[in-house]
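Remarks on the overall topology
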Amino acid sequence: MDRLQAMKTFVAVVESGGFTAAARKLDVSLSVVSRTIIELETHLGARLLTRTTRVVRPTETGDAYFENCKRILSDVEEAELAVAGTHAAPRGQLVLTAPVLFGARYAMPIVVEYLQRYPEVDVNCLLLDRNVDFIGEGVDVGMRIGELPSSSLQAIAVGRVRRVVCASPSYLELHGVPQAPKDLAAHTLIHTTGVSTLPEWRFMDHGEAKPVRITPRLCTTTNDAAIAAAVAGLGMARVLSYQVAGELGDGRLRVVLADYETPSVPIHLIHREGRHAMQKVRAFLDLAIDRLRAEKSLN
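Residues numbered from 1 in each chain as written. Predicted model: local features only at pLDDT ≥ 70, side-chain atom pairs only at ≥ 80, totals over all residues. Heavy atoms only, no water.

Right, let's talk about the domain arrangement of the chain for a bit. Partitioning the chain into domains gives domain 1 (3-84) and domain 2 (94-298). Centre-to-centre, using C-alpha coordinates, domain 1 lies 36 Å away from domain 2. On the domain 2 side, the residues contacting the eleven residues of domain 1 number ten residues. Both faces combined, the contact of domain 1 with domain 2 buries some 920 Å², and carbon together with sulfur accounts for 44% of it. Remark: the boundary between domain 1 and domain 2 carries one salt bridge. (Domains from an automatic or database assignment. Contact = heavy atoms within 4.5 Å. Buried area = accessible area lost by both parts, 1.4 Å probe. Salt bridge = Lys/Arg side-chain N within 4 Å of Asp/Glu carboxyl O.)

In structure tokens form, the structure reads like this:
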């Protein structure tokens, strides 16, 4: 058994989510993939995959073996690139995930610059307002806003943002400025249900974050729509500060209840690789870290 090829086959099965998809990716027959995995599990004396009629997923042992295989294959590729004299030229496909609005405003300019720098790399952007399964969806790098759960992923802090309540100057002139969270009951509120389906906003009260029930006049699934409604003078919206950086900067929106804001939340770049990350990943991380940490609206 060719152990490196077996590792490549196993990684392809995990990342593709099935034997058929892995066979297409590797350009081999389904029987070759199936036989290779059986031989690998027999050689290791452990079950690496759980097979169902719908999906193939790694077992707990398979998860750990997958990460080790990725590291080993990455080291092999780096060694080959170094010998070939192309170590400084990233190549292949990079899969990136980020929240929709953050991705459009901050990730895409970085991606464009990255592609212009490295012509041998392609990028697949998954801009989604949900947590993505890194292994199942084959993601290399993610941009995350908020506290991170404990995981095997590597995390690099690049900034912090606040949750702010904002409204247009025309709305505040007509309806007044709230002085405390309880005053929101007398105002028109715009709620983004994509963030939370619960009709409540959280504010600091004597050092503790407490929920305040709200009765929104407008509910929308996207922050873009909520911001547009606030700019139009409908009412007050609660969003992340980076999402309205432009509107605050040019005066179309103003922040209210700043003294009651909850603590800022971190922004991280996360990736699966260790310190010996593949060159395509390392090059993107270096560029993204530099650009995001220099962005005033994120720090």
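Turning our eyes to something else, we now look at the packing of helix α5 (residues 100-117) against helix α9 (residues 279-293). α9 packs onto α5 with a crossing angle of 130° between their chain directions and a minimal axis gap of 10 Å. Taken as axis vectors, α5 and α9 run oblique relative to one another. Judged by the sense of rotation from one axis to the other, the crossing of α5 with α9 is right-handed. Between α5 and α9, the residues in contact are Phe102, Tyr106, Ile110, Val111, Glu113, Tyr114 and Arg117 and Lys280, Ala283, Phe284, Leu287, Ala288, Arg291 and Leu292, respectively. Of the residues belonging to the contact of α5 with α9, the class tally is ten nonpolar, no polar and four charged. (Axes fitted to C-alpha atoms, helices over the stretch in contact; angles between N-to-C directions. Helix = DSSP H or I, 4+ residues; strand = E, 2+ residues; numbered from the N terminus. Parallel < 35°, antiparallel > 145°, perpendicular 65-115°, else oblique. Left-handed = near helix turned anticlockwise from the far one by under 90°. Nonpolar A, V, L, I, M, F, W, Y, C, P; charged D, E, K, R; others polar.)

Here the focus is the pattern of salt bridges. Tallied over the full model, the rule gives 14 salt bridges. Where Glu41 meets Arg51, a salt bridge forms, and the shortest distance between an N and an O atom there is 3.1 Å. A residue pair is termed long-range when its members are at least 10 positions apart, and Glu41 in helix α3 (residues 30-44) and Arg51 in strand β1 (residues 49-51) qualify at ten residues. When the shortest N-O distance is used, the salt bridge between Arg162 and Glu261 registers 3.0 Å. Taken together, the positions of Arg162 in the loop between β6 (154-161) and β7 (163-167) and Glu261 in the loop between β13 (254-256) and β14 (265-271) put the pair 99 residues apart, joining distant regions of the chain. Classification of Arg162 as partly exposed rests on a relative accessible area of 34%. Given the relative accessible area of 16%, Glu261 is considered buried. (Buried < 20%, exposed > 50% of the residue type's maximum accessible area, 1.4 Å probe, protein only.)

Another aspect to go through is the nonpolar core. A general tendency of soluble globular proteins is for nonpolar side chains to be buried together. Formed by 42 residues in total, the largest nonpolar core has its most connected members in Met143, Leu269, Phe284 and Leu292. Sort the elements by how many residues they give to this core and α9 lands first, with eight residues. Dropping the residues within four chain positions of it, Leu269 is found in contact with Gly142, Met143, Gln154, Ala155, Ile156, Val158, Leu285, Ala288, Ile289 and Leu292. The next biggest cluster of nonpolar side chains, apart from the first, holds 21 residues, and it includes Leu40, Leu48, Cys69 and Ile135. (Core = buried A, V, L, I, M, F, W, Y, C linked by side-chain atoms within 4.5 Å.)

Let's shift gears to α5. Along its 18 residues, α5 runs 24 Å from first to last C-alpha, staying within 8% of the 26 Å computed at 1.5 Å per residue. Maximum bend of α5: about 45°, positioned at Ala107, with proline Pro109 one to four residues after it. Of all the residues in α5, the buried ones are Leu101, Phe102, Gly103, Tyr106, Ala107, Ile110, Val111 and Tyr114. (Expected span 1.5 Å × (residues − 1). Bend = angle between axes of the 7 residues up to and from the residue.)

Attention shifts here to the side chain of His187. Take His187: it is sitting in the loop between α6 (169-175) and β8 (189-192). Judged by relative accessible area, His187 falls into the buried class, the value being 11%. Engagement of the side chain of His187 in a polar contact is seen with the side chain of Tyr171, the distance being 2.9 Å. Here His187 is in contact with Tyr171, His175, Gly176, Pro178 and Met236, once residues within four sequence places are set aside. (Polar contact = N/O pair within 3.5 Å; in protein donor to acceptor, adjacent residues only side chain to side chain.)

By convention here, two paired aromatic rings are described through the distance between centres and the angle between planes. Scanning the entire structure with this criterion turns up six aromatic pairs. Judged by centre distance (5.6 Å) and plane angle (70°), the ring pair of Tyr106 and Tyr242 falls under edge-to-face. Taken together, the residues span a long stretch of sequence, with Tyr106 in helix α5 and Tyr242 in the loop between β12 (236-240) and α8 (245-249) at a distance of 136 residues. Grouping residues by exposure puts Tyr106 and Tyr242 together as buried. Taking 5.2 Å as the distance between ring centres and 90° as the angle between the ring planes, the aromatic pair formed by Tyr114 and Phe284 counts as edge-to-face. Of this pair, Tyr114 sits in helix α5 while Phe284 sits in helix α9, and the two are 170 residues apart along the sequence. For Tyr114, a relative accessible area of 0% corresponds to the buried category. Ring pairing ties together the aromatic residues Phe102, Tyr106 and Tyr242, which thus form one cluster. The ring of Phe203 is capped by Arg238, whose NZ or CZ atom sits 5.7 Å from the centre of that ring. (Phe/Tyr/Trp six-rings, centres within 6.5 Å; stacked < 30°, edge-to-face > 60°. Lys NZ or Arg CZ within 6 Å of the ring centre and 35° of its normal.)

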